[in-house]
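# Results of the structural survey
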Amino acid sequence: MNALFAFGRFEVGRLLRSWKFLTITVGFPVLFYMLFLGDRRAGEIVYGGVTWREYLMVSMCSFGALIAALNAGGSRVAMERAGGWARQLRVTPMPAWSYVAVKITASMLVVLPVVLLVELVAATFGGVSLAAATWVGLTALLWLTAVPFAALGVFVGFAVGTEAVFPVVTGLMFVLGYFGGLFTPVSHMPGALQTAARILPNFHHLSLGLEVLDGRALGAAHWLVLAGYTFALGALITWRHRVEESRGAA
Amino acid sequence: MCAQQPALCFSGVTHHYGEHRALDDLHLTVERGQTLALLGPNGAGKSTTISVLLGLIRLGAGHVEVLGLPPKEAVASGRVGAMLQNGSGTGLPPGVRVNDVLCMVRRLYSRPAPLDLVVERAAITTLLHRRTDHLSGGQAQRVRFALAIAGDPDVVFLDEPTSAMDVEARRAFWQMIRALGDEGRTTVFATHHLAEADQVADRVVVLHHGRVVADGPGATLKAAVASRQVRFVSQHPELAVLNSLEGVTDVQVRGTTVTLDSFDADASIRALVRLNVEFKDVEVTGAGLEEAFLALTSDPPPAADETGP
């Protein structure tokens, strides 16, 4: 437990000190939100009683969570593995699962300021106005349900080498983001794409947020899909670890 | 199985990387407090041996114990330290100070070595406030050595530890390794710096194609093969005559310079005199471990596969 805490503090400190990484990660979704806000249809109703500018706030939170998790997990884990640091940690008494747990937790800590900043910009420039309790609930929900993205980031770091990790991270960002309905309201997509969106985690992350804005009950299916992704990615990370042990690589 | 409780014990260990057989029925026992050099060409199985001892590889066949425990448990107990080869990077996390990494790694162990001692041992006092991504190759190696001994380990594994160091740094480094042995720690290091294996280790194990081809003190290994070189100048060297000399195992003639490998240099020189071979400028040298090593590993491999990590 002591080891876990020591390594956790070290990792979080390291992440918070890399301000270039943080600025880009936090800045990107905010910039996107501002760009989309200039859209003439920003006031149009796109989901129940939710306008496009409100929708965008949730979708950019989801996009930001995805970017933060893929970069904090994927790129950094892949580089640490290539550089030999991950292997050095494996010959300390710290169990292998601690590394994964700490990486996922550290990614989650980056997601929180991303969500907060997008919300702040939406409230300030996007004219989004909510009750205090709704803000708190929405923030907690969007943050905590970002766990599958953090797991995805760590899995990408385990599965992909440094030479491929940047294209893979960028590809995942736009494929999951676009087809998950973050740049275009899902209701405006062609029928086939609307179906496709339902298998992607961002659609369900987004939907939970929209349901809060629209004052609806939260759909059980969204929780189930997000939990399923988390579980499956956890299993994939474990599997990669096993494969490496029997091969003797990394 | 391992009878008493030595520091390390390998029994019938075989490991494959795909088709390539990296370890081939390896048997090896290392007593506590011994400093052992694993010597061999690339692909001989040195790194694989160390990876197996650290529990980084799950075994196909065989039995391994470190301090009487399965390797993973030995590592988890905090009694093992290691400095591994580090691929493309420094083996250190970027963007932090050396001090931060060292303090964090010490906290991973239940009874770490005193910080001052580790810093002094690894000679990194001046590096503590440097960022890990601003270190030279040799400096990074020293920091990684500090990490390897941070947990006050009973057994230390070092995989080609001096590969990024210059001659001076190397000499200093080997003094640190000797100090580990003097404190009763078991030390295993892989190297292809033959002279270093000879000078630093109590025992040298030569690996080739995943098998032990020689095992003993460096001096014994040298004695095991043609141990002297006799060199002289002769105006008309006759190969047939030279080959027939007592003790001679190999003859090389370059122009007028003759080099004889001999297991009995005195007898060879007496034979030269007796047979009236004209010669001058005689020089007798002991063959280094390098020659011994080449002689031991020059056999063709049983399985024709040279590739592998």
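Computed from a prediction, not measured in an experiment: that's the story for all the values here. (Residues numbered from 1 in each chain as written. Chains lettered and ligands numbered in written order. Predicted model: local features only at pLDDT ≥ 70, side-chain atom pairs only at ≥ 80, totals over all residues. Heavy atoms only, no water.)

### A short note on the interface of chain A and chain B
Here is the rule: Whether two residues are in contact is decided by their heavy atoms, any of which lying within 4.5 Å being enough. Using a 1.4 Å probe, buried area is obtained as the accessible area two parts lose upon being combined, added over both of them. Salt bridges are identified by distance alone: a Lys or Arg side-chain nitrogen within 4 Å of an Asp or Glu carboxyl oxygen. Any N or O atom pair separated by 3.5 Å or less is treated as a polar contact, with the protein-specific requirement of one donor-capable and one acceptor-capable atom, and with residues adjacent in sequence counted only for side-chain atom pairs. In this description a helix means any DSSP run of H or I spanning at least four residues, a strand means any run of E spanning at least two, and both kinds are numbered starting from the N terminus. Throughout, the ten residues Ala, Val, Leu, Ile, Met, Phe, Trp, Tyr, Cys and Pro are labelled nonpolar, Asp, Glu, Lys and Arg are labelled charged, and all others, Gly among them, are labelled polar.
Taken together, the contact pairs 25 residues of chain A with 36 residues of chain B. Around 2,600 Å² of area is buried between chain A and chain B when both sides are counted, 58% of it from carbon and sulfur atoms. When the buried surface of chain A facing chain B is broken down by residue, Val91, Pro93 and Glu245 of chain A rank first, second and third, together holding 24% of it. Applying the counting criterion to the chain A and chain B interface returns one salt bridge. Across the salt bridge formed by Asp100 of chain B and Arg17 of chain A, the nearest N and O atoms sit 3.5 Å from each other. Run the count over chain A and chain B and you get five residue pairs in polar contact (both at pLDDT 80 or more). For the side of chain A that touches chain B, the elements supplying multiple residues, two or more each, are helix H1 (2-17), helix H3 (52-83), helix H4 (85-90) and helix H11 (220-247) of chain A. Here the element with the most residues in the side of chain A that touches chain B is H1 of chain A; it accounts for seven residues. Residues that form the side of chain A that touches chain B fall into these classes: 10 nonpolar, six polar and nine charged.

### A closer look at helix H6 (residues 132-144) of chain A
How we decide: Helices are assigned an expected span. That span is 1.5 Å times one less than the residue count.
In this model, H6 of chain A (13 residues) spans 18 Å end to end at C-alpha, consistent with the 18 Å of a helix rising 1.5 Å per residue. Those residues of H6 of chain A hidden inside the fold are in contact with H3, helix H5 (96-125), helix H10 (201-213) and H11 of chain A.

### Points about the packing of helix H2 (residues 19-37) of chain A against H5 of chain A
Residues and elements named next belong to chain A. To keep it simple, the criterion reads: Each axis is a line fitted through C-alpha atoms, and for a helix only the stretch in contact is used; angles between axes span 0 to 180 degrees, taken between their N-to-C directions. Roughly parallel means an angle under 35 degrees; roughly antiparallel means over 145; roughly perpendicular covers 65 to 115; every other angle is labelled oblique. Rotating anticlockwise by less than a right angle from the far helix to the near helix defines a left-handed crossing, while the corresponding clockwise rotation defines a right-handed one.
Two elements in contact, H2 and H5, have axes separated by 10 Å at closest approach and are oriented at 30°. Of the possible angle classes, the one that applies to H2 and H5 is roughly parallel. In terms of crossing hand, the pair formed by H2 and H5 is right-handed. Contact with H2, carried on its side by Leu22, Thr25, Val26, Pro29, Val30, Tyr33, Met34 and Leu37, involves Val110, Val114, Leu117, Val118, Val121, Ala122 and Phe125 of H5 and no other residues of that element. Along the lines of polarity and charge, the residues of the contact of H2 with H5 split into 14 nonpolar, one polar and no charged.

### Topic: the sheet that holds strand E11 (residues 248-254) of chain B
All names here are of chain B. The criterion, for reference: Strands are treated as partners if at least two bridges between them are detected by DSSP.
Strand order in the open sheet formed by four strands is E11-E12-E10-E13, and the pairing between neighbours is antiparallel. The sheet terminates laterally at E11 and strand E13 (280-286), the two strands that pair on one side only. Averaged over all pairs of adjacent strands, the angle between their axes in this sheet comes to 15°, without regard to strand direction. Bridge count between E11 and strand E12 (residues 257-262): six bridges; the pairing is antiparallel. When the bridges of E12 are listed, Val251 appears paired with Leu260.

### Describing the nonpolar core
Spelled out, the test is: Grouping buried Ala, Val, Leu, Ile, Met, Phe, Trp, Tyr and Cys residues that are joined through side-chain atoms within 4.5 Å yields what is termed a nonpolar core. We call a residue buried when its accessible area falls under 20% of the maximum for its residue type, exposed when it is over 50%, and partly exposed in between, using a 1.4 Å probe and counting protein chains only.
Membership of the largest hydrophobic core comes to 123 residues, with the highest contact counts inside it found for Ile124 and Phe145 of chain B. With 17 residues, H3 of chain A is the largest single contributor of residues to this core. Every residue in contact with Phe145 of chain B, bar those within four places of it in the chain, is listed here: Met83, Arg121, Ala122, Leu158, Phe173, Met176, Ile177 and Leu180 of chain B. Counting residues in hydrophobic clusters, the runner-up holds 34 residues, among them Ala7, Ile50, Val66 and Val75 of chain B.

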